[in-house]
Amino acid sequence: MKLVIQDRPLFGNTFVEKLNRIASIGFDGLEIDGDVLLARLNEIKMAIQSTGVPITSICGGYRGWIGDFERENREMALHDLEKILKCTAEIGAIGVVAPAAFGIFSHKLPPFKAPRTSEEDKQVLLESLFKINRIAEAEGTTLLLEPLNRYEDHMINTLDQAAELIREGNFHSIKIIADFFHMNMEEKNIVESIHNAKDLIWHVHLSDSNRLQPGLGHTDFVSAFRALRDIGYDESLAIDSPFVGDPSKVYSECCDYLRECLEKSQYTKQS
Ligand code: LER
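Heads up: these notes are all about the structure in this document. (Residues numbered from 1 in each chain as written. Predicted model: local features only at pLDDT ≥ 70, side-chain atom pairs only at ≥ 80, totals over all residues. Heavy atoms only, no water.)

## Description of the overall build of the chain
Line of reasoning, step 1. Counting its secondary structure elements, the chain contains 10 helices and 8 strands.
Line of reasoning, step 2. Rg of the C-alpha trace for the chain: 18 Å, near the compact-globule value of 18 Å for 271 residues, within the 12% margin.
Line of reasoning, step 3. In terms of overall dimensions, the chain has C-alpha extents of about 50 × 40 × 35 Å along its principal axes.
Line of reasoning, step 4. Per-residue burial over the chain gives 54% buried out of 271 residues.
Line of reasoning, step 5. At a minimum sequence separation of 6, the contacts of the chain that also span at least 24 residues come to 77%.
Line of reasoning, step 6. Of the roughly 12200 Å² of accessible surface on the chain, a fraction of 49% belongs to carbon and sulfur atoms.
Line of reasoning, step 7. Averaging the coordinates of the 29 positive side-chain charges in the chain and doing the same for the 42 negative ones gives two points 1 Å apart. (Helix = DSSP H or I, 4+ residues; strand = E, 2+ residues; numbered from the N terminus. Rg over C-alpha atoms; globule rule 2.2 N^0.38 Å. Buried < 20%, exposed > 50% of the residue type's maximum accessible area, 1.4 Å probe, protein only. Contact = heavy atoms within 4.5 Å. Areas by Shrake-Rupley, 256 points an atom, 1.4 Å probe, with all protein chains shown as cover. Lys, Arg positive; Asp, Glu negative; His and termini not counted. Charge placed at Lys NZ, Arg CZ, Asp CG, Glu CD.)

Shown next as structure tokens:
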């Protein structure tokens, strides 16, 4: 298991600086955006090699959404994701995080009426995932499908909904990223949901219940980590929250807090 942090400008300008900085704080790896990966691929490859610190995962950095209402935007997402997946495989990161869509519609907010039916949503998603699965399989990497909360996406809100689509399409190169912030809002019971999706969880995002850095809300990280340990999860736990507080202290404090939770859950660190 690796404790990972998403990139921040304060970690440095070059990737050597960034990777050395996060390792000195206590993190095991870095998560970066897809567009940055494309723009700085050679520098990134050399930095991973010279520092020995991995870039474990890629998040976003493409145009459109795989479940966009407009076909043109879906095609744009697939076009960009193909390039990002290829580079993801080249640097040995586990995959690319992508939700069905982000911020295009919510059943819980005005105008309340979606431009597509749920059945149409499903067909669109199956069509996009079918294409991405083929690309990811050819490149030897994965698309990490992310359920978001109901205010950010109307199509996939729970691990179970993501698992159902993946199983229906028999998509071997599409897995699930479990995000603690969204799970806090959408899952009936986080521990049970982790167990139910156990074979499909390949990545995890950490934020506390209020979207701030772990330690500042009321999420029960210990029992959730215990569930991840029980299903044999051995990939990254990547912090994707904004941080508040003194930047010279908060990253190491959060790292210490999470390591303490991991210890309490008896989740031993393996690299
Ligand atoms: C948005 O809330 C989020 O969690 C991102 O990872 C979307 O890709």
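From this point, the discussion proceeds with the structure in view.
## Some thoughts on the site of the ligand
Line of reasoning, step 1. Around the ligand sit Cys59, Pro99, Phe102, Glu146, Leu148, Glu152, Asp179, His182, His205, Arg211 and Asp240, and those are all the residues in its vicinity.
Line of reasoning, step 2. The contact in question runs from an oxygen atom of the ligand to an N or O atom on the side chain of Asp179, over 3.5 Å.
Line of reasoning, step 3. Arg211 has a polar side-chain atom sitting 2.9 Å from an oxygen atom of the ligand.
Line of reasoning, step 4. Looking at the shell around the ligand, its residues break down into 4 nonpolar, 2 polar and 5 charged. (Near = heavy atom within 4 Å. Polar contact = N/O pair within 3.5 Å; in protein donor to acceptor, adjacent residues only side chain to side chain. Nonpolar A, V, L, I, M, F, W, Y, C, P; charged D, E, K, R; others polar.)

## Here we look at helix H5 (residues 118–139)
Side chains of residues three or four places apart in an α-helix project in the same direction, reflecting 3.6 residues per turn.
Line of reasoning, step 1. For H5, built from 22 residues, the straight-helix expectation of 32 Å at 1.5 Å per residue is met to within 8% by its first-to-last C-alpha distance of 31 Å.
Line of reasoning, step 2. Just past H5, the residue Gly140 takes up positive phi, approximately 75 degrees. (Expected span 1.5 Å × (residues − 1).)

## Here we look at the pattern of salt bridges
It is possible for side chains bearing opposite charge to pair when their charged atoms get close.
Line of reasoning, step 1. Using the criterion set out here, one finds 16 salt bridges in the structure.
Line of reasoning, step 2. A salt bridge links Asp121 to Arg116, with the shortest nitrogen-to-oxygen separation between them at 2.7 Å. Each of the two residues, Asp121 as well as Arg116, counts as buried.
Line of reasoning, step 3. Through salt bridges with shared partners, one network takes in Arg71, Glu75, Glu127 and Lys131. (Salt bridge = Lys/Arg side-chain N within 4 Å of Asp/Glu carboxyl O.)

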